[in-house]
Amino acid sequence: MNAWIVILAAGLGSYLFRLSAIVLIDRIAMPAYLQRASRLVAPAAFAALAATGVAAACTGLGITQAAAPLAAVAAAVIAVLRTGSSYAAILIGMPTLWITTSLLSH
Amino acid sequence: MISSLADRHDLAAGARAMAPWLLGIVPFGLVIGLSAAQADIPTLAGWLTGPLIYAGSAQVATIQMLDAGAAPIVVVVAALVINIRLLLYSATMAPYWRGTPWWWRLLAAYLLIDPSLAVGLDGYERLADQHRAHVRYLGGAVLLWASWLAAISVGATVGVGLPAWLHLEFVIPLFLVGEAVPKLANPALRRAILAAATVALLALSAPLHLGIALAIAAGIAAGLTAQPAVSARSAHPLQHTTEALR
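As a starting point, this report considers the structure included with it.

Attention shifts here to the interface of chain A and chain B. The interface is formed by 63 residues belonging to chain A together with 77 residues belonging to chain B. Sorting elements by how many residues they give to the side of chain A that touches chain B places helix α2 (residues 32-58) of chain A first, with 23 residues. For the side of chain A that touches chain B, a count of residues per class yields 47 nonpolar, 12 polar and four charged.

Shown next, in the form of structure tokens:
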């Protein structure tokens, strides 16, 4: 139940953001610091969610088992640096996770 | 508003201008659909982030935080903070949509997001005739909307049927790592990313999953301590956003 309300509220709020200046018509001059800050939000959120996601994947696993997600992240970082493509992280990271998980469980 | 053959020509021109953006947003939509299917929320609710929130990073954050069991208010605030740039986009388009009918403003605003802003602005700068530019915006924006929802639907459908040993829940953290790594080259973004990741790890056990919100705030604060690049003075808001439906 909560999930539906959260998604509805976030959607409604986002729509009001989109409408804000269009309805108020006059151009809202956004302060320069707010423009700078708005460009930092998504990278900061992505980094925070990535860190918690990797931590969540490692918790509950033993020391050796936890090496699998960490190896996958390391391989993903190298792949992105090498190729310059963000999606290389998934294309290289997931197979690395499967291989290291199966190696470590034997 | 869409009446003549000339309008159809402009609709098609907008759709063509949008085509290159689809290469970036379709994989992103697939990943979001997958995560909606894997998350501990109804898949339909996850899918609804598409038509309701209609902004990729806020959708990822919403789905991930709901999955982690964060408090509702924390999730809503995080999603809205991520979408604060929409205020800027609204202000960017407002002069072009001044004096247009209400139904148009309600529809055009709903479709406003990074790629539609880019294609739309290009049209308004290129075409002297406002009406033609509106139609061109609509052509690009509707194609984007349809492709985005289709990609999420495919991801969600495929994601439900796949076996657990694939650990598809790890696709999103990897995707986020992939998005963050290239941004490390920019000093302000590097500070933001490293500070946010560090605070997120330190605050893992914070109540209500406030750690993520704290981490975002710390990242923004750290990023603001970097000297603004010369190009940050640019008037074009899109030069600093990434390629996709962020």
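Text resumes after the structure shown.
Glancing now at the packing of helix α2 (residues 43-53) of chain B against helix α3 (residues 56-68) of chain B. All names here are of chain B. The contact between α2 and α3 brings their axes to 10 Å, and the two run at 145°. As for the relative orientation of α2 and α3, their crossing is right-handed in sense. Here α2 contributes Gly46, Thr49, Gly50 and Ile53 to the contact with α3, which in turn contributes Ala58, Gln59, Thr62 and Ile63. For the contact of α2 with α3, a count of residues per class yields three nonpolar, five polar and no charged.

Here we come to the environment of Ala217 of chain B. Residues and elements named next belong to chain B. Inspection of the secondary structure assignment puts Ala217 in helix α11 (residues 210-224). C-beta crowding within 10 Å serves as the criterion here: with 17 such atoms nearby, Ala217 is assigned to the partly exposed category. Ala217 sits 21 residues away from Ala196 along the chain, and the two C-alpha atoms are 7.7 Å apart.

What counts as what
- Residues numbered from 1 in each chain as written.
- Chains lettered and ligands numbered in written order.
- Predicted model: local features only at pLDDT ≥ 70, side-chain atom pairs only at ≥ 80, totals over all residues.
- Contact = placed C-beta atoms within 7 Å.
- Helix = DSSP H or I, 4+ residues; strand = E, 2+ residues; numbered from the N terminus.
- Nonpolar A, V, L, I, M, F, W, Y, C, P; charged D, E, K, R; others polar.
- Axes fitted to C-alpha atoms, helices over the stretch in contact; angles between N-to-C directions.
- Left-handed = near helix turned anticlockwise from the far one by under 90°.
- Buried ≥ 20, exposed ≤ 12 C-beta atoms within 10 Å, placed from the backbone.

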